[in-house]
Amino acid sequence: LTVTGSCSVCVNSSNSPFQVLSGSIVPLNSTLDFLVGAQASTSAKFAVLNVNSGTPTASVSAGTAGAAYLTASGTLQTTAKQHLTLGGDTTGNITLTPNGGTDGFVTVNGTLAAKTSGPATIVVAASDTSAKGKLQADYVGDGTDDDVTIEAAIAALPAGGGTVALLEGTYSIGDSAGDGIDFTKSNVTLTGAGRNTILQRQGDTASNDGVITVGDGGTTQVTGIIISNLAVDGQKATYAGVENNGIYIARDLYQSKILNNWIYNNDGDGIQVEATANPVNYLVIHGNDIRNNDEDGIDIRNAANYNTISHNSIVSSLDDGITLVTSNNNDIVDNTIVSAGGEAVFITSASTRNTVSNNVIDSPTGDGILINGSSKTSITGNNIYNSSNGINLASSSPNNTVTGNTVSTTSAVGINLDTGSANNTVSGNSIEATGTSGIELGTSTNNNTISSNTAYGVQFIGSSNNTISQNELNDNGFNGVYLQDNSNSNIIFNNTAKRNYATYNPGTIAGGY
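What counts, and where the lines are drawn
- Residues numbered from 1 in each chain as written.
- Predicted model: local features only at pLDDT ≥ 70, side-chain atom pairs only at ≥ 80, totals over all residues.
- Heavy atoms only, no water.
- Helix = DSSP H or I, 4+ residues; strand = E, 2+ residues; numbered from the N terminus.
- Rg over C-alpha atoms; globule rule 2.2 N^0.38 Å.
- Buried < 20%, exposed > 50% of the residue type's maximum accessible area, 1.4 Å probe, protein only.
- Contact = heavy atoms within 4.5 Å.
- Areas by Shrake-Rupley, 256 points an atom, 1.4 Å probe, with all protein chains shown as cover.
- Lys, Arg positive; Asp, Glu negative; His and termini not counted.
- Charge placed at Lys NZ, Arg CZ, Asp CG, Glu CD.
- pLDDT = per-residue confidence, 0-100.
- Phe/Tyr/Trp six-rings, centres within 6.5 Å; stacked < 30°, edge-to-face > 60°.
- Patch = residues over 30% accessible without salt bridge, like charges linked within 9 Å, V, L, I, M, F, W, Y side chains within 5 Å.
- Salt bridge = Lys/Arg side-chain N within 4 Å of Asp/Glu carboxyl O.
- Arc of directions from axis to C-beta.
- Core = buried A, V, L, I, M, F, W, Y, C linked by side-chain atoms within 4.5 Å.
- Pairing = 2+ DSSP bridges.

J.: Mind laying out the overall build of the protein chain, listing which residues take part and the relevant values?
T.: Across its full length, the protein chain holds 2 helices and 53 strands. Scaling as 2.2 N^0.38, a compact globule of 513 residues should have a C-alpha radius of gyration of about 24 Å, whereas the protein chain reaches 37 Å, well beyond that. Of all 513 residues assigned to the protein chain, the portion counted as buried reaches 45%. For the protein chain, long-range pairs separated by at least 24 residues make up 55% of all intrachain contacts whose partners lie at least 6 apart in sequence. Looking at the protein chain as shown, the accessible area adds up to about 22900 Å², and 49% of this sits on carbon and sulfur atoms. The positive charge centre, built from 17 side chains, and the negative charge centre, built from 41, are 8 Å apart in the protein chain.

J.: So what's going on with the confidence of the model for the protein chain? Which residues, and what values?
T.: Per-residue pLDDT for the protein chain has a mean of 88; in total, 90% of the residues score no lower than 70. Contacts of residues 502-513 to residues separated by more than four positions or lying in other chains number 27 contacts, the stretch itself having pLDDT below 50.

J.: Go over the packing of aromatic side chains with me, naming the residues and quoting the values.
T.: Evaluated as defined, the whole model comprises 1 aromatic pair. Relative to Y306, the ring of Y282 has its centre 5.4 Å away and its plane inclined at 15 degrees; by these criteria the two rings are stacked. With Y282 in strand β23 (residues 280-286) and Y306 in the loop between β26 (304-305) and β27 (308-310), this pair connects stretches of sequence that are 24 residues apart. A relative accessible area of 45% means that Y282 is categorised as partly exposed.

J.: Run through unusual backbone geometry, naming residues and quoting values.
T.: Phi is positive for S396, close to 60 degrees, though the residue is something other than glycine. Along the polypeptide, S396 turns up in the loop between β38 (391-394) and β39 (401-403). Residue class for S396 comes out partly exposed when judged on its relative accessible area of 42%. For A433, which is not glycine, the phi dihedral falls at a positive 55 degrees. Residue position: A433 is located in the loop between β43 (430-432) and β44 (439-441).

J.: Break down the side chain of S186 for me, with residues and values.
T.: With respect to the helices and strands, S186 occurs in the loop between β12 (181-183) and β13 (188-191). Apart from residues no more than four positions distant in its own chain, S186 is found in contact with G161, Q221, V222, T223 and I225.

J.: Please provide a residue-by-residue account of a nonpolar patch on the surface, values included.
T.: Among the surface-exposed residues, L70, L76, L84, L86, I94, L96 and V106 lie close enough to one another that they form a single nonpolar patch of about 690 Å² accessible area. One can find L96 in the loop between β7 (76-78) and β8 (120-125). When its relative accessible area of 59% is taken as the criterion, L96 is described as exposed.

J.: Describe helix α2 (residues 146-155), listing the residues and the values that go with them.
T.: Residues of α2 that are buried: D146, D147, T149, I150, A153 and I154. An end-on view of α2 places all buried positions within 160 degrees of arc, on one side of the element.

J.: Give a detailed account of the nonpolar core, specifying residues and quantitative values.
T.: Core analysis: the biggest nonpolar cluster contains 77 residues, and I150, L199 and I212 have the highest contact counts within it. The element contributing the most residues to this core is β8, with 5 residues. Non-local contacts of I150, meaning those with residues more than four positions away in its chain, are made with V124, L166, Y171, I173, I181, L190 and L199.

J.: Pulling in residues and values, what's your account of the pairing of strand β25 (residues 298-301)?
T.: The pairing of strand β22 (residues 271-274) with β25 spans 4 bridges and is parallel. Of the residues in β25, the one forming a bridge with I271 is I298. Bridge analysis of β25 against strand β29 (residues 322-325) gives 4 bridges, and the strand direction is parallel. The residue bridging D299 from the neighbouring strand is T323, located in β29.

J.: Any details on the pattern of salt bridges? Residues and values, ideally.
T.: Evaluation of the coordinates by the stated rule reveals 3 salt bridges. Notably, a salt bridge pairs K236 with D294, separated by 2.9 Å at the nearest N-O pair. Taken together, the residues K236 in the loop between β18 (231-233) and β19 (244-250) and D294 in the loop between β24 (289-291) and β25 connect sequence positions 58 residues apart. Accessibility expressed as a relative area gives 23% for K236, which makes it partly exposed.

J.: Break down the environment of S41 for me, with residues and values.
T.: On the secondary structure map, S41 appears in the loop between β3 (34-36) and β4 (46-49). By relative accessible area, S41 is classed as partly exposed at 44%. Put simply, S41 and G287 are 246 residues apart on the chain and 66 Å apart in space, counted from C-alpha to C-alpha. Leave out the neighbours within four places in its chain, and S41 touches L35 and L49.

J.: Any details on the environment of I384? Residues and values, ideally.
T.: Within the fold, I384 resides in strand β37 (residues 383-387). Judged by relative accessible area, I384 falls into the buried class, the value being 0%. It is 6.0 Å that separates the C-alpha atoms of I384 and D362, two residues lying 22 residues apart in sequence. Ignoring any residue separated from it by four or fewer positions in sequence, one finds I384 in contact with I361, G368, I369, G390, I391, T406, V407 and S408.

J.: Describe the environment of A44, naming the residues involved and giving the relevant values.
T.: Tracing the sequence through the fold places A44 in the loop between β3 and β4. Here A44 falls in the buried class, since its relative accessible area comes to 3%. In the structure, A44 is positioned 98 residues away from D142 in sequence and 44 Å away in space, judged by C-alpha atoms. In contact with A44, other than residues within four places in its own chain, are L35, V36, G37, A38 and S61.

As structure tokens, this is what we get:
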């Protein structure tokens, strides 16, 4: 400090409030507050307050625009609801280390909005999520219409998408009208913490809808969706309606996945994919546990193509386990389907080039696999037990391949080629303990090749121009090979038939009894 002339208030002068003491400038009176810019603490631009008593506070004021202050007790705050910013263009990393980094908490009373350079992750808690979980969450549901909270979290993701993570707890989904979680934003991952993240239906819907619905009927094309690690509870005992699906895909969806969910107690389908006029392509449905739904476990219909249904457990569907309607080039592989009320796998309505392989099918009320009016299906390596027909090619289903399957304990036929199913290949299958024939060819099932099977007999009913060769046809309660009703021009050679017991007119038996 340089002073020219006299200074009546210089440090250490008799009129100065300051003194130099041990190399520091200190006030003569150590109990006084310090103000700069005004003579009142409410208007001073800078102030050190409560020096004599109370909590010492340092304050910087912008007048009526508000102030910021720091107290000795650890409070840093603004006074007029201005934004409080930590860091800027020249600031390095900011580290929060409560309690030395050991069992400390960072408490957020409000919504934490994070900006990152990559896809955002937004955390949502349920009303019964743990207190610690709620502290971590960006959104917290209140137990009523939690779908609105989850949709708000999805809407808050950046335009490029991101992840909404649902913590453990029970989320109340929908109102009395049954409206669930609905969204059309692409590149969204909706994921939970596993079996204990429960999305619970709270209403009936008048038209197809899900606890989770992706798409808006084809108006918006949606891509890159992942739905994973959630439990979807349809509460069918309370909310009964075939439109009440677990997860509903409402057209025009591409390159998406439904992974590792628990989907149960829906009065409609567990998963329904509707693709009418707007395809659903390249969808993977994998690793889900789908049970106790009152329609199909998985229902895919109307131009849903190039999709994969794999490694799912589908138990106690009141209707079919898996249904494909007018859908092509889909793979149904490595699933376990138990106690379906209809067929375990049902492919119908001119579906073509689908694959059904390596599935375990047990105790459907109907057929193990029913191909109805569909073609070029590859049915390989499946194990089918306790069904009506094991495999049934029905209603003019041509050019299918049935190879390497095991069919055991049917109430009807092991492998049935029904009316008009032509040009099929049935080979290398093992068929035992059937209610009637091991393999049966019905009216106008022509030009089929039946070879190298181990079966409980082969029966022709008005079927012509077929080739039956190199089959083991043993221990049949009826006949080894049986032809009736103008079954003409069939070639039967190199078959082995043992221990069969004819109950029909021996004059119609081609061999092996």
